[in-house]
Amino acid sequence: GLGVLSYFTTPLGLVGIILLVILAYCVLRHPEIGALAVITILPFVSAKILLYCVLFVLFSYTMKCILGRRTFKIEYFDIFVIMIFVITFIRGAISTNPKESIISASFLACFTLFYFVLTNLIRSKEWFRRCLISLVFSGLAVAVIAIIQVIFGNVDVNIPQLSFLFIDGKNAVGTFND
């Protein structure tokens, strides 16, 4: 089996694929692990890869809800998040360039749904602590990479722009082009 696959990819790629399949299985079993992984890889991947990861976690959580193993609750504060999302999504659909705006509005929709998944998955202090640790870890890693780049003079890669590259190179979190 693996010998045939090595024809199509490198041996290191096979190891990566195997690890990715194991991680996908773990996320399907426990969507919380996927939420932690998304929080950890947030500054290191493009918005498109982040979107795929978030969609997989959303799929996993939705399947758990359908099977009755997780619950979905909307609290009072979430109503305001939904209202802001609806206004922003409509603004994206009704614009001078609807093709580009609907793409960014779809990104917003996916990340807003991920907010609801996070608020429903992270209910205990222990899971909140784990999310906080993964967020601090990824922030620390970005800071260390930035310091190393400044020390060695390799500052041609801008980490904040690298983390949120849009499909065609635009900033995914900004409204206007830089």
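Look up: the structure comes first, before these words.
Just so it is clear, the model here is predicted, and its values are computed rather than measured. Along each chain, numbering runs from 1 in the same order as the chain's sequence is written. With the structure being a predicted model, the display of local features is reserved for residues of pLDDT at least 70 and the display and counting of side-chain atom pairs for 80 or more, all residues being used for whole-chain, interface and lining totals. Only hydrogens and water are set aside; all other atoms, that is, all heavy atoms of the structure, feed into the side-chain values.

### Overview of helix α4 (residues 47–66)
Residue pairs spaced three or four apart in an α-helix point in one direction, given the helix's 3.6 residues per turn. Our working definition: Per the convention used, a helix needs a DSSP run of H or I reaching at least four residues, while a strand needs a run of E reaching at least two, with both numbered from the N terminus. Multiplying 1.5 Å by the residue count of a helix minus one yields the expected span of that helix. The cut-offs for exposure are 20% and 50% of the maximum accessible area for each residue type, with area from a 1.4 Å probe on protein chains only; residues under the lower value are buried, those over the upper are exposed, and the others partly exposed.
The end-to-end C-alpha distance of α4, which contains 20 residues, comes to 28 Å, matching closely the 28 Å that a straight helix rising 1.5 Å per residue would cover. Ala47, Leu50, Leu51, Val54, Val57, Leu58, Ser60, Tyr61 and Lys64 are the residues of α4 that are buried. Of the residues flanking the end of α4, it is Gly68, one or two places downstream, whose phi is positive at about 85°.

### So, the nonpolar core
Applied cut-off: Residues belong to one nonpolar core when they are buried, are Ala, Val, Leu, Ile, Met, Phe, Trp, Tyr or Cys, and are joined through side-chain atoms within 4.5 Å. Should any heavy atoms of two residues lie within 4.5 Å, those residues are counted as being in contact.
Val38, Val54, Val57, Phe114, Val117 and Leu121 are the most contacted members of the largest nonpolar core, which totals 20 residues. Among the elements of the structure, α3 (31–41), α4 and α6 (98–121) are those that each provide at least two residues to this core. It is α4 that provides the largest number of residues to this core, a total of seven residues. Not counting residues up to four positions away in its chain, the partners in contact with Val38 are Leu50, Cys53, Val54, Val57 and Phe114.

### Quick look at the side chain of Ser60
Within the secondary structure, Ser60 is located in helix α4. On the basis of relative accessible area, Ser60 is assigned to the buried category, the value being 0%. Once residues lying within four places of it in the same chain are set aside, the contact partners of Ser60 are Val27, Leu28 and Pro31.

### Some words on a nonpolar patch on the surface
Note the following rule: Excluding any residue in a salt bridge, patches collect residues exceeding 30% relative accessible area, merging like charges within 9 Å and nonpolar Val, Leu, Ile, Met, Phe, Trp and Tyr side chains within 5 Å. Using a 1.4 Å probe, the Shrake-Rupley method yields the accessible areas, and only the shown protein chains count as cover for residues. A side-chain nitrogen of Lys or Arg and a carboxyl oxygen of Asp or Glu constitute a salt bridge if their distance falls within 4 Å.
A surface patch of nonpolar side chains, about 1100 Å² in accessible area, is lined by Phe72, Ile74, Tyr76, Phe77, Ile79, Phe80, Ile82, Met83, Val86, Ile90 and Ile94. Within the secondary structure, Ile94 is located in the loop between α5 (76–93) and α6. Given the relative accessible area of 66%, Ile94 is considered exposed.

### Some thoughts on the packing of helix α2 (residues 11–29) against α4
Under the convention used in this document: Convention adopted: a line fitted to C-alpha atoms gives each axis, helices being fitted over their contacting stretch, and angles between N-to-C directions are expressed from 0 to 180 degrees. Roughly parallel covers angles under 35 degrees, roughly antiparallel covers those over 145, roughly perpendicular covers 65 to 115, and oblique covers all other angles. Amino acids are sorted into nonpolar (Ala, Val, Leu, Ile, Met, Phe, Trp, Tyr, Cys and Pro), charged (Asp, Glu, Lys and Arg) and polar (every other residue, Gly among them).
Contact geometry for α2 and α4: axes closest at 8 Å, N-to-C directions at 40°. Overall, the two elements α2 and α4 adopt an arrangement that is oblique. Here Ala24, Val27, Leu28 and Arg29 of α2 come into contact with α4, specifically with Phe56, Val57, Phe59, Ser60 and Lys64. Tallied by class, residues from the contact of α2 with α4 come to six nonpolar, one polar and two charged.

### Examining the packing of aromatic side chains
For any pair of aromatic rings, geometry is given as the distance between the ring centres together with the angle between the planes. Selection criterion: Two aromatic rings from Phe, Tyr or Trp, using only the six-membered ring of Trp, form a pair when their centres are within 6.5 Å; if the ring planes differ by under 30 degrees the pair is stacked, by over 60 it is edge-to-face, and anything between is tilted.
A complete count under the given rule lists six aromatic pairs for this structure. Taking the centre distance of 6.4 Å and the plane angle of 55° together, the rings of Phe72 and Phe116 count as tilted. Of the two residues, Phe72 sits in the loop between α4 and α5 while Phe116 sits in helix α6, which places them 44 residues apart along the sequence. Overall, Phe72 belongs to the partly exposed group, its relative accessible area being 44%. Aromatic side chains Tyr115 and Phe116 sit 5.1 Å apart centroid to centroid with 70° between the ring planes, which places their arrangement in the edge-to-face category. Among the residues examined, Tyr115 registers a relative accessible area of 24% and is labelled partly exposed.

### A short note on the pattern of salt bridges
Under the definition given, this model contains three salt bridges. Between Glu32 and Arg70 there is a salt bridge; the shortest N-O distance is 3.1 Å. With Glu32 in helix α3 and Arg70 in the loop between α4 and α5, this pair connects stretches of sequence that are 38 residues apart. Its salt-bridge partner being Glu75, residue Arg123 comes within 3.1 Å of it at the nearest N-O pair. Linking Arg123 in the loop between α6 and α7 (125–152) with Glu75 in the loop between α4 and α5, this pair joins segments that are 48 residues apart in sequence. The exposure class of Arg123 is partly exposed, given its relative accessible area of 43%. For Glu75, a relative accessible area of 45% puts it in the partly exposed group.

Note that every value here comes from positions in space, so none of it alone points to a role or purpose.
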